[in-house]
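Structural description and commentary
One letter stands for each residue in the lines below.
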Amino acid sequence: MTLEFIPLAAAPHSAPVTDWSGRIAWVVGLLVFVVFVYWLMRQGWKWRGTLQGDLPELPSAPGDAGEPRLTLSGRYHGSTTAGQWLDRIVARGLGTRSRAELTLTDQGLAVERPGAADFFVPAAALRGARLDAGIAGKVLPEGGLLIVTWEHGGRQIDSGFRSDQAGEHPAWVEALNRLRSEHTTEHTETEGAR
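Not measured: the values here are computed from a predicted model. (Residues numbered from 1 in each chain as written. Predicted model: local features only at pLDDT ≥ 70, side-chain atom pairs only at ≥ 80, totals over all residues. Heavy atoms only, no water.)

Scanning the protein chain for helices and strands turns up 3 helices and 10 strands. Taken from the N to the C terminus, the helices and strands of the protein chain come in the order α-α-β-β-β-β-β-β-β-β-β-β-α. For the protein chain, buried positions account for 32% of its 194 residues. Across the protein chain, contacts joining residues at least 24 apart in sequence account for 61% of those joining residues at least 6 apart. When the accessible surface of the protein chain is split by element, carbon and sulfur atoms take 59% of a total near 12200 Å². (Helix = DSSP H or I, 4+ residues; strand = E, 2+ residues; numbered from the N terminus. Buried < 20%, exposed > 50% of the residue type's maximum accessible area, 1.4 Å probe, protein only. Contact = heavy atoms within 4.5 Å. Areas by Shrake-Rupley, 256 points an atom, 1.4 Å probe, with all protein chains shown as cover.)

See below:
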């Protein structure tokens, strides 16, 4: 009985030969595909910037902005068309994520971004602030982002920020909305006096 199993165990067997040319072709093909996809994404980014080319230059902070009401250190996550959290705005550097230092004064909101263009949101341009869960490319737990809505060049814009200390967000929402209402009341009284 043991003789029947000997031919099965003793069958000659050689190790498979690696086809290096086939593997190299697959790796090169995959790299070409990845580079092509990256190039398409880059072209899409440039095309979006071209479509948004009508956005005017961003205002810069005035020389004397006044005493800071609040300051915040954190991250700038991008800007979108107001109410459309996936419609990213890339023109004028608004699509560049970066660290951010925010300063709120009576004049408005100054956004300093190392490595990216700084910008200023005048108090008259503020339209509100809220806590939200996401903005194009960034989703966090509910209330994890401070969203500032402002107007520039006839376009409503939502800009998303996240503080290093997330507990600061509610105070910022309250202060930004208070500044907006103060400025709206002041503007209405001035209009009524004319």
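After presenting the structure, the write-up continues.
A complete count under the given rule lists 10 salt bridges for this structure. Between arginine 48 and aspartate 87 there is a salt bridge whose closest N-O contact spans 2.9 Å. A residue pair is termed long-range when its members are at least 10 positions apart, and arginine 48 in helix 2 (residues 20-51) and aspartate 87 in the loop between strand 1 (70-81) and strand 2 (88-89) qualify at 39 residues. Given a relative accessible area of 29%, arginine 48 falls into the partly exposed group. Close ionic contact of arginine 69 with glutamate 182 constitutes a salt bridge, the shortest N to O distance being 2.8 Å. Note that arginine 69 is positioned in the loop between helix 2 and strand 1 and glutamate 182 in helix 3 (residues 169-193), a separation of 113 residues in sequence. Residues joined in a network through salt bridges with shared partners are Arg69, Asp106 and Glu182. (Salt bridge = Lys/Arg side-chain N within 4 Å of Asp/Glu carboxyl O.)

On the secondary structure map, serine 159 appears in strand 10 (residues 155-163). A distance of 2.9 Å separates polar atoms of two side chains, one belonging to serine 159 and the other to tryptophan 150. (Polar contact = N/O pair within 3.5 Å; in protein donor to acceptor, adjacent residues only side chain to side chain.)

Moving on, we come to the confidence of the model for the protein chain. For the protein chain, mean pLDDT is 86; residues scoring 70 or higher make up 87% of the total. The weakest mean pLDDT in the protein chain belongs to helix 1 (residues 2-9) at 54; the strongest belongs to strand 3 (residues 98-104) at 96. (pLDDT = per-residue confidence, 0-100.)

What follows deals with unusual backbone geometry. Even without being glycine, arginine 92 reaches a positive phi, approximately 60°. One can find arginine 92 in the loop between strand 2 and strand 3.

Moving on to the packing of aromatic side chains. In total, this model carries 4 aromatic pairs according to the counting rule given. On the basis of an interplanar angle of 25° and a centroid distance of 6.2 Å, the ring pair of phenylalanine 36 and tryptophan 39 is categorised as stacked. Taken together, the residues span about one helical turn, with phenylalanine 36 and tryptophan 39 both in helix 2 at a distance of 3 residues. Residue classification places tryptophan 39 among the partly exposed residues on the basis of a relative accessible area of 46%. Between phenylalanine 119 and tryptophan 150, the ring centres sit 5.6 Å apart and the planes meet at 15°, which makes this aromatic pair stacked. Here phenylalanine 119 is found in strand 5 (residues 119-122), whereas its partner tryptophan 150 is found in strand 9 (residues 145-152), with 31 residues between them in sequence. (Phe/Tyr/Trp six-rings, centres within 6.5 Å; stacked < 30°, edge-to-face > 60°.)

When a strand is regular, its side chains alternate between the sheet's two faces. Along strand 9, 7 of the 8 residues are buried, which leaves the element largely enclosed by surrounding structure. Note: strand 6 (residues 126-132) against strand 9, 6 bridges, orientation antiparallel. Its bridge partner lying in strand 9, glycine 128 is registered against threonine 149. Across 7 bridges, the pairing between strand 9 and strand 10 is antiparallel. Each bridged residue has a counterpart across the sheet, and for histidine 152 the counterpart in strand 10 is arginine 155. What sits between the antiparallel neighbours strand 9 and strand 10 is a turn of 2 residues, in which glycine 153 has the positive phi angle 60°. (Pairing = 2+ DSSP bridges.)

Moving on to the side chain of threonine 105. Checked against the element boundaries, threonine 105 lands in the loop between strand 3 and strand 4 (108-112). Among the polar contacts made by the side chain of threonine 105, one reaches the main-chain amide nitrogen of glutamine 107 at a distance of 3.2 Å. Look past the residues within four positions of threonine 105 in its chain and what remains in contact with it is Ala65, Gly66, Glu67, Pro68, Arg69 and Leu179.

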